[in-house]
Amino acid sequence: MRWLRAVRALVRVELRQIRRHRGRSLLLILLIAVPVAAIVGAATLARITAQTPAERARQAMGEATLRVELASGDPGIATLTALLPPGTPTATLFAGQETVRIPGRQLRAALLAMDSKILGPGGLAAGMVHLETGRLPANTGEAALSRLLLEGLGSTVGDTTTLADGQLRAITGTVVAPEDLDLPLVLRTPSPTELGGKHVVLVAALEADTADIAARLRQQGYTVRTRAEARESSGGLASLAFTAGVIGFLEAGLVIAAAFAVSLRRRQYEIGLLGSAGASAPEIVAAMLASAAALAVCGGALGTFLGIGTAAILHPHLDTWNRRLNGAFEVAPGDVGAAFLLGIVAALLAAWVPVRRATQVPLREALGACRPSPARSSTGLAAGVSCLIAGIALMSVPLRSGEIIATLQLIAGPILVILGFALCSPWLLGGLARHAARLPLAWRLAVRDAGRFRTRNGPVVAAVLVGMSLTVTAAVLVASVQSKLDAIPAELRNDQLVVEGAAAENVARLLQADFPCLAAAPLQAVYAHGEPVRAHYGTEKARRFTRDWVACGGEDLLLAMNAEAGASALRAGNLLALDLPAGAPEIQLTPGSGQLDLTQPATTAVTLSQKVSAPLFVLDAARLPAMGMEPGPPAGRSVVPWLVRLASPVTPAVLDRARRIAAQTPGASVDAALLHRRPARAMYYAGWAICTLTGLVVVLVATALSAAESAADERVLYTVGAAPALLRTHTAARAGYLALLGCVLALPAGMITSVALLRAANFQLAMVWPWGDLLLTVLFLPAAAYAGAWIFAGGAVRSPRNSAPPAASRRNYFTRIIFRAWVS
């Protein structure tokens, strides 16, 4: 009971200290609240934006239990219906490609053709398409378009448009795909003949019969997907989210440890006074941990409130950022509660080490308010190198040992690497301090000060390292994914316009006269005996078989296609292969039926600056008669389009002017490459801003906590003639230096982590280093920390001769508090 009474007395002392030093306590609460708020906000936003199993299934098959796809050559719908139990509800829709045209403009889009009744409440396709405005099409004279198409056409609901079949249709409403708001989509009723796509039959079978029906249909050659299969996910995003959460709590622990290390260093005299009054080390530890728990509860509550509030503020903008319908705002009590409790546990664990270290200081040294001898950093260096080696080795092991082991490798490897760099930070601070002689005075003092108190500043560097390493990893992943997307050939270059219609040549000439153009040429295809000629390469055995149509023209066409490097080879009668894959076998020309032999010209490869999908092969139009071939319009078109290449990329203003020029000629239209949005970049910059803001708060708050401890050093500097401006610069330089070192260490840590995550991806990605983003990561936070510390120091730095040393009255105040609490 005596131990309990002593701890209660010490707890009262701690609580009075919290009330007395409200500024310090508030800073500690903020340091706990910032990472908790980031984690709670991220967990809430992740729950809202993550695609649930029900949403995945609804996207694929609406409310049906089976989705059956029928391509050309598959058994028909009547055969499929005969294989189902009698009375099983079914619905048929068609998915393919569509062309939307208005006078002067033509765009390509995805197509869904279905009866609008199956999209309504209770319909089998309910949820596959979301109606935003207007109404669904009811007959063959109506269609609904996505917002992206309406913006591209410059049309609104109530206008008319012409589809690929040449029929004029009224636009009745605006529709979007819930999981892809950037999808150009056309919704219309089915036509008697649908070409170029696939029919999809939605089946509403009983759950008990689903597996048997799916097996029976697959035996008959149908492509079947059950609702359970549509709900499944690879779990990769969940693993990445869990990894980020664990790393976030690691950052929180480092931040809190740094805060308590600074705070306890200021209370060294008080701790010695408590020990001299008879309090044992375990009692002091218990009381201080209770104080840390109280601050952690306040910080956790504040962080939870800020995190949920921030998520609520950002929720209206989520659809725009990640380009899907995310649904209503929701908070997961389990996720928030776990984050709150883990924040408290992380605070207690982080406070344990500095509290134990503070209570182990000898009483004579503590009462003398002497700075303890700096701990040896070689131990931390050895532990850091060991963690680095273990993390890299763990991530180097092939991920084939099972899903659970692979997930552990994905989580533990990056954490060990980041922890290794964090443990090495005190050694780096000490080593750099010994080589600071050539720096300017303010920076020299800052570097040496950071090295002298490396056990206090090391956690601050580590906290910045943890947060910014996430941004480095995200930058590499986004750049690698974007590089993969950019490698997919586009239909047109970004500086090309395609003019179609009977008066395409006249409109192309007008565009050539109105805009700075490099070339304009007809885009003709090659025919042999009335059949389109194809160029193919590859082997059937390896299932790598490619067929592309062949264009014909002269040097003007090559210039319009950016293939002018092959002009001499074209004049010599060679076949130009644009962007031929490396190691491709010999190319052969065949007509559509493949039954006729054609003259096979020599092939010359030409590299394009931008990848396009077609045409990839060009012959000289003047040599076609000698080869038994003739020119004609491309397959699927009745007239020859014209290709216009501008001197600069097409902008929305240029496209709008070109459309107005084409609209003056009946039947003519202009097409261009759509300007693609990149939501991944927006999400990356949002994450970068969050991590940067967190790191900035960490550095500034740690700087504020250490300012009081550096008061004695400032008095010495003022005594030897240092001006207040130098003291202000010294404070700013110290903040900028700690942030700079943390960002520099974040580069290798984040790069190694990104390598591991790319290896774990279920598709091959080439490693891309976004040097611009990495440079921004390294320089922006140190500059912001320097500027922020400079601004705040302007109001805090004053003449040190007005700052008296600790007075005896303060010590007497502590003595009165201790003995009054002890006696009570």
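Residues numbered from 1 in each chain as written. Predicted model: local features only at pLDDT ≥ 70, side-chain atom pairs only at ≥ 80, totals over all residues. Heavy atoms only, no water.

(A) Region of the structure containing the overall build of the chain. For the chain, the helix and strand inventory stands at 26 helices and 22 strands. Sorting the 824 residues of the chain into buried and exposed places 48% on the buried side. Here the analysis covers contacts within the chain between residues at least 6 apart in sequence; of these, 82% occur between residues at least 24 apart. A total accessible area of about 38300 Å² is found for the chain, and carbon and sulfur atoms account for 61% of it. (Helix = DSSP H or I, 4+ residues; strand = E, 2+ residues; numbered from the N terminus. Buried < 20%, exposed > 50% of the residue type's maximum accessible area, 1.4 Å probe, protein only. Contact = heavy atoms within 4.5 Å. Areas by Shrake-Rupley, 256 points an atom, 1.4 Å probe, with all protein chains shown as cover.)

(B) Region of interest: unusual backbone geometry. The phi torsion at Asn562 lies on the positive side, around 65°, for a residue other than glycine. For Asn562, the location among the structural elements is in the loop between helix H19 (555-560) and helix H20 (567-571). A relative accessible area of 14% means that Asn562 is categorised as buried.

(C) A look at the environment of Leu342. Secondary-structure assignment places Leu342 in helix H12 (residues 333-359). C-alpha separation for the pair Leu342 and Gly300, spaced 42 residues apart in sequence, amounts to 9.3 Å.

(D) Representation of the pattern of salt bridges. The tally for this structure, following the rule as stated, stands at 16 salt bridges. Linking Lys198 and Glu69 is a salt bridge whose minimum nitrogen-to-oxygen distance equals 3.4 Å. With a gap of 129 residues between them, Lys198 in strand E9 (residues 198-203) and Glu69 in strand E1 (residues 66-70) connect regions that are remote in the sequence. We classify Lys198 as partly exposed; its relative accessible area is 31%. The class of Glu69 is partly exposed, set by a relative accessible area of 22%. Of the charged contacts, one joins Arg645 and Glu564 as a salt bridge, the two residues approaching to 3.8 Å between their closest N and O atoms. Highlighted residues: Arg645 in strand E21 (residues 642-646) and Glu564 in the loop between H19 and H20, separated in sequence by 81 residues. (Salt bridge = Lys/Arg side-chain N within 4 Å of Asp/Glu carboxyl O.)

(E) Summary view of the nonpolar core. If you look at the biggest cluster of nonpolar residues, it comprises 38 residues, and the most contacted ones within it are Phe421, Leu429, Leu465, Met468, Tyr737, Leu738 and Leu781. For this core, the secondary-structure elements that each account for two or more residues are helix H14 (378-396), helix H15 (403-433), helix H16 (441-452), helix H17 (454-486), helix H22 (679-707), helix H24 (724-760) and helix H25 (771-796). With eleven residues, the single largest contributor to this core is H24. Excluding anything up to four places from it in sequence, Leu429 contacts Ala450, Gly451, Arg454, Asn457, Gly458, Val461, Tyr737, Leu738 and Leu741. Counting 24 residues, the second largest nonpolar core, distinct from the first, contains Leu492, Ala563, Val606 and Val618. (Core = buried A, V, L, I, M, F, W, Y, C linked by side-chain atoms within 4.5 Å.)

(F) Representation of the packing of aromatic side chains in the model. The final tally for this structure, using the stated rule, is two aromatic pairs. Here the aromatic rings of Trp443 and Tyr786 are separated by 5.9 Å at their centres, their planes lie at 0°, and the arrangement is stacked. Taken as a pair, Trp443 in helix H16 and Tyr786 in helix H25 lie far apart in primary sequence, 343 residues in all. On the numbers, 6.4 Å between centres and 35° between planes, the contact of Trp769 with Trp771 is tilted. Accessibility expressed as a relative area gives 31% for Trp769, which makes it partly exposed. Looking at Trp771, the relative accessible area reads 57%, which means it is exposed. (Phe/Tyr/Trp six-rings, centres within 6.5 Å; stacked < 30°, edge-to-face > 60°.)

(G) Summary view of the confidence of the model for the chain. Of the residues in the chain, 75% have a pLDDT of 70 or more, and the chain-wide mean is 77. Here helix H26 (residues 808-823) stands out as the element of the chain with the lowest mean pLDDT, 41, in contrast to strand E5 (residues 142-145), whose mean of 94 is the highest. Note that residues 540-545 has pLDDT below 50 and, in this model, six contacts with residues that lie over four places away or in other chains. Contacts from residues 797-824, a stretch scored under 50 in pLDDT, to residues over four places away or in other chains number 41 contacts. (pLDDT = per-residue confidence, 0-100.)

(H) Main features of the side chain of Glu55. Position of Glu55 among the secondary structure elements: in helix H3 (residues 53-61). Not counting residues up to four positions away in its chain, the partners in contact with Glu55 are Ala50, Glu179 and Arg324.

(I) Structural view of the environment of Ala551. Mapped onto the elements of the fold, Ala551 is located in strand E15 (residues 544-553). Sequence spacing of Ala551 and Tyr527 is 24 residues, and the spatial spacing of their C-alpha atoms is 9.5 Å. For Ala551, the contacting residues outside a window of four places in its chain are Leu523, Gln524, Ala525, Val526, Pro615, Phe617, Val618 and Leu619.

(J) The arrangement of a nonpolar patch on the surface in detail. A cluster of nonpolar side chains, namely Leu26, Leu30, Leu302, Phe305 and Leu306, defines an oily patch on the protein surface of about 450 Å² accessible area. Counting only elements with at least two residues in the nonpolar patch, the list comes to helix H2 (22-49) and helix H10 (281-314). A per-element tally of the nonpolar patch places H10 first, with three residues. Mapped onto the fold, Leu30 is located in helix H2. Note on Leu30: relative accessible area 32%, which makes it partly exposed. (Patch = residues over 30% accessible without salt bridge, like charges linked within 9 Å, V, L, I, M, F, W, Y side chains within 5 Å.)

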